[in-house]
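Single-letter residue listing:
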Amino acid sequence: MITIKGRAIFAISCPRSLFFYATKILVAGATGNTGSEIVKQLLEKGIEFKAMSRKKSKGRTIAGVNWVDGDFADIGSLVSAFAGVKRIYIAMPAHPDNEAWINNAIIASKKAGVKHIIKLSGMGVSLDAGSEIIRVHARTDAMIMQSGLVYTLLRPNSFYQNIFASIPTIKKQGAVYSVMSDSKLSFIDIRDVAAVAVKALSETGHDNKTYNLTGPEALSYFNIVKKTGFFTGKDIALYPISKNETKSAMLKAGVSEWRADKLSEILAWFAKGKYDAVTSDVESVLGRLPYSFNQFINEYKERF
């Protein structure tokens with residue numbers, strides 16, 4: 001109870017997050033891996049939001065979503081998409097124009113009145129990393145931090161869901177081909193990354209924070225393949241391949257020259273064994289342990 005001018009006024013206590021349910025939220029890159037999962041979780045929680053993608057993007061099939069058009073290369077389209085928004089989640093595919101796109105997003109945010117940017121980055125960002133994608137994350141993270149806007153940086157390790165890319169060779173050949181073999185990484189479930197993003201979008205307490213997001217243990221790709229075989233009941237072999245072989249396979253699959261070069265480079269960088277640290281940030285934000293790979297693969301084993 002509070003008193004105003006001698007009158008007793010009864011106040012209703014509400015969870016801190018409820019005050020932000022009516023706050024305008026936008027998910028930019030909403031058809032991507034993390035973006036689509038964030039959209040799903042926001043819908044499940046009944047939180048009001050808009051979802052942005054290019055006008056002709058695939059993936060605008062989720063019912064009940066307020067879709068808006070936006071292109072990171074077009075500041076005007078971003079200003080329109082950001083109208084009335086206070087918090088935005090930004091994730092974008094690896095692209096040679098990433099730095100220009102982040103700059104455009106910052107300019108548009110200031111013009112549209114956005115106060116808080118939640119950005120998907122990557123674990124171990126460094127200006128001297130052996131991967132251009134990671135070096136760009138380091139530079140664009142700095143741009144966000146120096147923008148004067150409130151920020152939350154999400155820096156996850158590699159995703160469990162990346163094993164899905166090997167489903168065709170698992171089904172046809174009983175094989176996984178990877179430049180990563182015995183080096184351990186603290187892989188994480190995309191759903192945990194999305195859950196942290198939803199917290200930052202809908203609650204207080206995440207201003208100017210950086211979260212290094214990992215699963216509960218460090219695993220090699222040999223471990224990943226062995227566990228996948230156990231839970232799916234399949235005999236699966238891991239065949240280590242080189243960076244150049246990885247790039248060639250991507251090119252044959254129709255990946256652009258630039259993306260094939262940078263994606264094979266980052267995988268080779270992961271293979272050097274610098275990404276095995278396990279953090280408690282997921283548990284600190286969500287109040288629970290992150291999903292283990294055993295939980296993940298047991299849940300999705302029918303896909304294989």
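In what follows, the accompanying structure is described.

This part is about the overall build of the protein chain. Scanning the protein chain from N- to C-terminus turns up 11 helices and 11 strands. Within the protein chain, the proportion of its 304 residues that are buried is 48%. In the protein chain, once contacts between residues fewer than 6 apart in sequence are set aside, the share between residues at least 24 apart is 74%. Summed over all atoms, the accessible surface of the protein chain reaches about 14,800 Å², with 52% contributed by carbon and sulfur. In the protein chain, 40 positive and 27 negative side-chain charges are present, and the distance between their average locations comes to 5 Å.

Taking 1.5 Å of rise per residue, 14 residues should cover 20 Å, and helix α9 (residues 257-270) covers 20 Å from first to last C-alpha, within 8% of that figure. Among all positions of α9, only Ala260, Lys262, Ser264, Glu265, Ile266, Ala268, Trp269 and Phe270 are buried. For α9, the secondary structure elements touched by its buried residues are α4 (132-145) and α8 (243-252).

Attention now moves to unusual backbone geometry. Unlike most non-glycine residues, Asn208 shows phi in positive territory, near 55°. The residue Asn208 is located in the loop between α6 (190-202) and β10 (209-213) in this model.

The next point concerns the packing of α4 against α9. Close contact between α4 and α9 brings their axes to 8 Å; oriented N to C, the two are set at 90°. When the axes of α4 and α9 are compared, the pair comes out roughly perpendicular. Listed contacts from α9 to Glu132, Ile133 and Ile134 of α4 are Lys262, Leu263, Glu265, Ile266, Trp269 and Phe270. Here the residues of the contact of α4 with α9 are counted per class, giving six nonpolar, no polar and three charged.

We now examine the layout of surface pockets. If a probe as big as a water molecule is rolled over the atoms, it shows which places are left empty. By volume, the second largest pocket amounts to about 190 Å³. Lining the second largest pocket, in full, are Asn33, Glu37, Lys40, Gln161, Phe164, Ile190, Arg191, Tyr300 and Arg303. Contributing elements (two or more residues each) for the lining of the second largest pocket: α1 (33-45) and α6. The greatest single-element share of the lining of the second largest pocket, amounting to three residues, is contributed by α1. Classifying every residue of the lining of the second largest pocket by side-chain character gives three nonpolar, two polar and four charged.

Our next topic: helix α7 (residues 221-232). Helix length check: α7 (12 residues) gives 16 Å between terminal C-alpha atoms against 16 Å at 1.5 Å per residue, within 8%. Taken residue by residue, α7 has Tyr221, Ile224, Val225, Thr228, Gly229 and Thr232 as its buried positions. The buried residues of α7 all sit within an arc of 130° when viewed along its axis, so they share a single face. What points out from α7, more than 90 degrees from its buried face, is the exposed set Lys226 and Phe230. On its buried side, α7 packs onto β9 (175-178), β11 (237-240) and α11 (293-300). Of the residues that open α7, the one with a side-chain oxygen 3.3 Å from the backbone nitrogen of Phe222 is Ser220. Once α7 finishes, Gly233 follows within two positions and takes phi at roughly 70°, a positive value.

Taken across its five residues, strand β7 (residues 116-120) has five buried, putting it largely inside the fold. Neither face of β7 is exposed, since His116, Ile118 and Leu120 on one face and Ile117 and Lys119 on the opposite face are all buried. Of the pairings in the sheet, the one linking strand β6 (residues 87-90) to β7 comprises four bridges and is parallel in character. From the neighbouring strand, Ile88 faces β7, where its bridge partner is Ile117. Taken together, β6, helix α3 (residues 98-112) and β7 form a β-α-β motif whose crossover is right-handed. As judged from the five bridges shared by β7 and strand β8 (residues 150-156), these two strands associate in the parallel manner. Bridge assignment links Ile118 to a residue of β8, and that residue is Thr152. Read as a crossover between parallel neighbours, the route from β7 over α4 to β8 is right-handed.

The next point concerns the packing of aromatic side chains. Counting across every chain of the model gives 12 aromatic pairs. Relative to Phe296, the ring of Tyr160 lies with its centre 5.4 Å away and its plane at 35°, an arrangement referred to as tilted. Of this pair, Tyr160 sits in the loop between β8 and α5 (167-173) while Phe296 sits in helix α11, and the two are 136 residues apart along the sequence. A relative accessible area of 3% means that Tyr160 is categorised as buried. The class of Phe296 is buried, set by a relative accessible area of 0%. Joined through ring pairs, the aromatic side chains of Tyr160, Phe164, Phe293, Phe296, Tyr300 and Phe304 make up one cluster. Above the face of the Tyr291 ring, Arg191 is positioned so that its terminal group lies 4.3 Å from the ring centre. If you follow Arg288 out to its NZ or CZ, it ends over the ring of Tyr291, 5.0 Å from the centre.

Scoring rules and cut-offs
- Residues numbered from 1 in each chain as written.
- Predicted model: local features only at pLDDT ≥ 70, side-chain atom pairs only at ≥ 80, totals over all residues.
- Heavy atoms only, no water.
- Helix = DSSP H or I, 4+ residues; strand = E, 2+ residues; numbered from the N terminus.
- Buried < 20%, exposed > 50% of the residue type's maximum accessible area, 1.4 Å probe, protein only.
- Contact = heavy atoms within 4.5 Å.
- Areas by Shrake-Rupley, 256 points an atom, 1.4 Å probe, with all protein chains shown as cover.
- Lys, Arg positive; Asp, Glu negative; His and termini not counted.
- Charge placed at Lys NZ, Arg CZ, Asp CG, Glu CD.
- Expected span 1.5 Å × (residues − 1).
- Axes fitted to C-alpha atoms, helices over the stretch in contact; angles between N-to-C directions.
- Parallel < 35°, antiparallel > 145°, perpendicular 65-115°, else oblique.
- Nonpolar A, V, L, I, M, F, W, Y, C, P; charged D, E, K, R; others polar.
- 1 Å grid on protein atoms, 1.4 Å probe; cavity = no way out; pocket = protein on both sides within 12 Å on 5 of 7 lines; lining within 4 Å.
- Points joined across faces, edges and corners; volume = space filled by probe spheres on them.
- Arc of directions from axis to C-beta.
- Polar contact = N/O pair within 3.5 Å; in protein donor to acceptor, adjacent residues only side chain to side chain.
- Pairing = 2+ DSSP bridges.
- Right-handed = clockwise from strand over helix to strand, strands pointing away.
- Phe/Tyr/Trp six-rings, centres within 6.5 Å; stacked < 30°, edge-to-face > 60°.
- Lys NZ or Arg CZ within 6 Å of the ring centre and 35° of its normal.

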